[in-house]
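Overview (structure and organization)
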Amino acid sequence: MIDSFPFDKWSDDISAFWTFWSEDRTGTYIMTVLGIIVMLAAFVYWTWLENRKLQAQAALLRAAGGMPAPGGVPPGPGPSQPPLAGPSTDPGD
Amino acid sequence: MTASLVGSMSWLLAQATEIEDKLSLDSQILAEQFYFFTVVVMWLIHVGFMSYEAGAARRKNIMSTAIKNILTIAVVTPTFYYFGWYIYGCFEHGGPAQGHAGPMPEFPGFCGATAPWADAMGPNLQDHISAVFFLAFLLFSWTTASILSGALIERVRLSAYLILGSLLGSGVWIMDAAWGWSAGGWLTTRFGFHDSIASAVVHGVAGAFTLGVLLNLGPRIGKYDLAGKARTFRAHNTHLTLMGLMLIFTGFYGFYAACLVIQSTITPGWLNIYLSPTTLGAIAFVITFGFAGGFTGGWIASRGDPFWTLSGGLAGVISVSAGADVYHPSLAYLLSITGGMFAVYVGNWIERTLRIDDAVGAVAVHGFCGFYGVFLVGIFAGGYPTGVNNVPVSFGGQLIGILTFIPLGFLPGYAGSWILKKLNLLRVPPEVELEGLDMAEFQQDFFPEFERVPETVVLPSGEEVESAPILLEGLAQVRNGHRAGVAVSEERRAP
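Starting from 1, residues in each chain are numbered consecutively following that chain's sequence as written. Working convention: letters from A go to chains and numbers from 1 go to ligands, in the order in which they are written. Totals for whole chains, interfaces and linings use all residues, but because this is a predicted model, local features are given only for residues with pLDDT of at least 70 and pairs of side-chain atoms are given and counted only at 80 or more. Water and hydrogen atoms play no part in the side-chain values, which are based on all heavy atoms of the structure.

**A look at a nonpolar patch on the surface**
Residue and element names in this part refer to chain A. Applied cut-off: To count toward a patch, a residue needs a relative accessible area over 30% and no salt bridge; like charges are then connected within 9 Å, while nonpolar side chains (Val, Leu, Ile, Met, Phe, Trp, Tyr) are connected within 5 Å. Only the protein chains shown count as cover for residues, and the accessible areas themselves come from Shrake-Rupley with a 1.4 Å probe. The salt bridge definition used is simple: a Lys or Arg side-chain nitrogen within 4 Å of an Asp or Glu carboxyl oxygen. Numbering goes from the N terminus for both helices and strands, where a helix is a DSSP run of H or I of at least four residues and a strand is a run of E of at least two. Think of it in three bands: residues with accessible area under 20% of the maximum for their type are buried, residues over 50% are exposed, and the middle band is partly exposed, with areas taken using a 1.4 Å probe on protein chains only.
Residues F5, F7, W10, I14, W18, I30, M31, V33, L34 and I37 make up a contiguous nonpolar surface patch of roughly 920 Å² in combined accessible area. Of all the secondary-structure elements, those providing two or more residues to the nonpolar patch are α1 (7-18) and α2 (26-63). By residue number, the principal contributor to the nonpolar patch is α2, which donates five residues. Under the relative-accessibility criterion, L34 is labelled partly exposed at 43%.

**Regarding the nonpolar core**
Note the following rule: Within this scheme, the nonpolar core is defined by two criteria: the residues are buried Ala, Val, Leu, Ile, Met, Phe, Trp, Tyr or Cys, and they are joined through side-chain atoms within 4.5 Å.
With 133 residues, the main nonpolar core has F137, W173 and W181 of chain B as its most contacted residues. Counting eight residues, the second largest nonpolar core, distinct from the first, contains I221, F233, V457 and I470 of chain B.

**Some points on the confidence of the model for chain A**
Keep this limit in mind: The pLDDT value expresses, per residue, how confident the predictor is, ranging between 0 and 100. Between two residues, a contact is recorded if the distance between any of their heavy atoms is within 4.5 Å.
Chain-level pLDDT for chain A is 73 on average; 63% of the residues reach the 70-or-more range. Here residues 74-93 of chain A is modelled with pLDDT under 50, and outside its nearest four sequence neighbours on either side it reaches 31 contacts, counting other chains as well.

**Section: the pattern of salt bridges**
All names here are of chain B. Enumeration over the complete set of coordinates arrives at 14 salt bridges over all chains. Here R427 and E433 are joined by a salt bridge, their closest N and O atoms 2.9 Å apart. Using a relative accessible area of 3% as the deciding quantity, one classes E433 as buried. Salt bridges linked by common partners bring R58, K60, E154, R155, R220, D357 and E455 together as one network.

**Observations concerning the sheet that holds strand β7 (residues 456-458) of chain B**
Residue and element names in this part refer to chain B. Just so we agree on the cut-off: The pairing criterion is simple: DSSP has to find at least two bridges between the two strands. Angles run from 0 to 180 degrees between N-to-C directions of axes, and those axes are lines fitted to C-alpha atoms, restricted for helices to the stretch in contact.
Strand order in the open sheet formed by three strands is β1-β7-β8, and the pairing between neighbours is antiparallel. Of all strands in the sheet, those bounded by a partner on one side alone are β1 (232-233) and β8 (464-466). Summarising the sheet, β1 and β7 pair through two bridges and their orientation is antiparallel. In the sheet register, F233 faces β7, and the bridge partner there is V457. Seen against the sheet, helix α15 (residues 468-479) touches β1, β7 and β8 and runs at an angle of roughly 70° to β8.

**A short note on the environment of Q444 of chain B**
All names here are of chain B. Structurally, the position occupied by Q444 is in the loop between α14 (437-442) and β7. Separated by 143 residues in the primary sequence, Q444 and A301 have C-alpha atoms spaced 40 Å apart. Beyond its immediate chain neighbours, meaning those up to four positions away, Q444 contacts D438 and M439.

**As for the side chain of S149 of chain B**
Position of S149 of chain B among the secondary structure elements: in helix α3 (residues 130-151). Note on S149 of chain B: relative accessible area 0%, which makes it buried.

**A word on the packing of helix α4 (residues 158-180) of chain B against helix α6 (residues 199-217) of chain B**
Residue and element names in this part refer to chain B. Condition: Working definition: roughly parallel below 35 degrees, roughly antiparallel above 145 degrees, roughly perpendicular at 65 to 115 degrees, and oblique for all remaining angles. Should the near helix be turned anticlockwise from the far one by less than a right angle, the crossing is termed left-handed; should it be turned clockwise, right-handed. The classification used treats Ala, Val, Leu, Ile, Met, Phe, Trp, Tyr, Cys and Pro as nonpolar, Asp, Glu, Lys and Arg as charged, and all other residues, Gly among them, as polar.
Between α4 and α6, whose axes approach to 10 Å, the crossing angle comes to 140°. It follows from the interaxial angle that α4 and α6 lie oblique. Handedness of the α4/α6 crossing: right-handed. Mapping the contact onto sequence places L164, L167, L168, V172, W173, D176, A177 and G180 in α4 and V201, V202, V205, A206, F209 and V213 in α6. Considered class by class, the residues forming the contact of α4 with α6 number 12 nonpolar, one polar and one charged.

**Focus on the packing of aromatic side chains**
Residue and element names in this part refer to chain B. Which entries qualify depends on this criterion: Two rings from Phe, Tyr or Trp (for Trp, the six-membered ring) form a pair when their centres are within 6.5 Å of each other. A pair whose planes differ by under 30 degrees is stacked, one over 60 is edge-to-face, and the rest are tilted.
Inspection of the entire model under this criterion finds 43 aromatic pairs over all chains. Ring geometry for W85 versus F133: centroids 6.1 Å apart, planes at 75°, classification edge-to-face. Residue W85 is located in helix α2 (residues 62-90), and its partner F133 is located in helix α3; the two are separated by 48 residues in the primary sequence. Accessibility expressed as a relative area gives 2% for W85, which makes it buried.

Here it is as C-alpha cells:
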C-alpha cells in the first residue's frame, strides 16, 4: 500500500494548490478569503479580549472601594492587582 | 563580402538586443533594491513613533502606548494588502474601475495588478517592481495610521485605535492618494493638483481624521480645570520623545525617496509620483532645509520649548513636502520656518481655545501643516506642469484638493469613532484611566526597579503640583455624568 501511494503526484498537487501563481488559482482564492476571515476575526478577538480586561479591572477597582490611586498603587498584590495576571484574562479564574 | 557584412550586422544587432535586455533587467533590479531599502529606512519612522509616544506618556501608560505602534503593523499590513492597494489601483477616477489602462500605455491595467490574487501580488520572476512598490506604499500606510496614534494616547482603547487606524491607513488615505497622488488620479488630470511628497495626502488627511476622532474621544481626565484652562501632563521621558522624533526624521529620508519613481535608463532618471521629471537631490535639498527651517520656527514660536522645537522640524518639512520636487532650497527654508511657527500657534489654539486634548499636537503638525503645504504650492509653484498631461498647477486646483480632502479625512474619523463611542468601545473606563492603562492591559508596572514617585501635573499658572487630587476630582466629575477632562462650568455653558 505504502509503496503504491503516489507521493510525487500528491506532493505536486498540494504544492500547485497552496503556492502562489500556479495554473490552478483555486488555492490562491481560498487563502485570500481565509486571510480576510482571520484578519476580521483578529479584530473581533482584540476588541472582545480588551473589553474583558478593562471591565474586569474597572470592576475590581470599584469593588475595592473608594477611588484608585492615580498612577497605580505600589507594585504587589492588592486591590488593583487583578487575579488574572498573564495571558489568561477570564475574570472568573 | 556582402554575406560577411550581413553576418557582422546580425551579430551586432544580436549583441545590441542582449545589451538592451541586460540593461533593462539591471534597471529593474536597481529599482527593486532602491524601494526595498527605502522600506528598511522607513521602519525607523515606526521605531520613532513608538519611542516618541511612549516617552510622551505618563509612566502608568508606557506599554499600552508603545504596543499601539507595534500592532499598527499587525493590522494595517493585512488590511492594506487585501483592500488598500486595490483602492489605490482602481479608484483613480473616484469610483472603482476594472482593469483600466493608465495614462501611460506602458503601464496598462494597473488596477488589475492590485487585487490580492493578482499575478503581481506574490512571487513573480517576471515582475521586480510591483511587490516592492506595494511595500513602499504599505509603509506610507503605517505612517498615516501612526499619525492618529499619538493624539489619542492615555485614554483610547487599543482595539478602538486598531480599528480606526486600519480605516485610516488602509481606506481613507489611500483613497485620497488614488485621487490626487497618482498620475491618473482625477485631481491630477483635471486640476493639476500637486502634492509631490504627500503633505495633504498623508499628513493633512490623517490630521483631519484625527480631529474627528478626538471630538468623540474627549480629553484625558484632569486635562482642563474648572475654568476650562489646560493643564499639562508631564511626559515621563522627554529624552525618549526627542530621540523618537529624530528617528522619525531619519526615516523621512526613506519616505521622501520612496515617493519618487526611479527609471535609471531614461533621463533624468527620476520622476515624481505624477511621472513628472525630478531628481533625488532636489527633494533631499528640500527635506533638509525643511528641517532646518522648521526647527527654527518651532524654537522661535515656542520660545525654546524642546518638544515644540522638534515638532516644528516635522511641521516645517510637512509644509514644504508638497512642492519638494520644485522648490528652491531657500524657499523651502523660509516656508518651513512659517510652518514650524504655525504648528506651535495652531497647536496651542487647539488645546487652549478649542479645548481639544491632542496629546502630541498631531492635528496642528500634520493636519494644519499638511494642508498649508498644498496651499503654498498653489502660490509658489503656480503654473508648474503636473503629470503626464502637463496640467499646470493652480491655486484653484490646490484649493479643490484641500476642500476634497478635509471632509474625506474628517468624516470617516468622526463617524467611525462615534459608532465605537455608542458601543462603549472607544474609551477605557475612567477608573482604569486614572490608575493607568498598563495595569489593566498587562497587569504590571514597566519600571519595576524604580521607585514610584507621585505623579505631577502642571497647572495653567505654571505651578507643578501632585496630580492625585486633581485627577480624583476629575474622576468624580465623570462619575457624576460629566465629560472627561472638561470643566463643569464649560459644559454647562455649552449649547
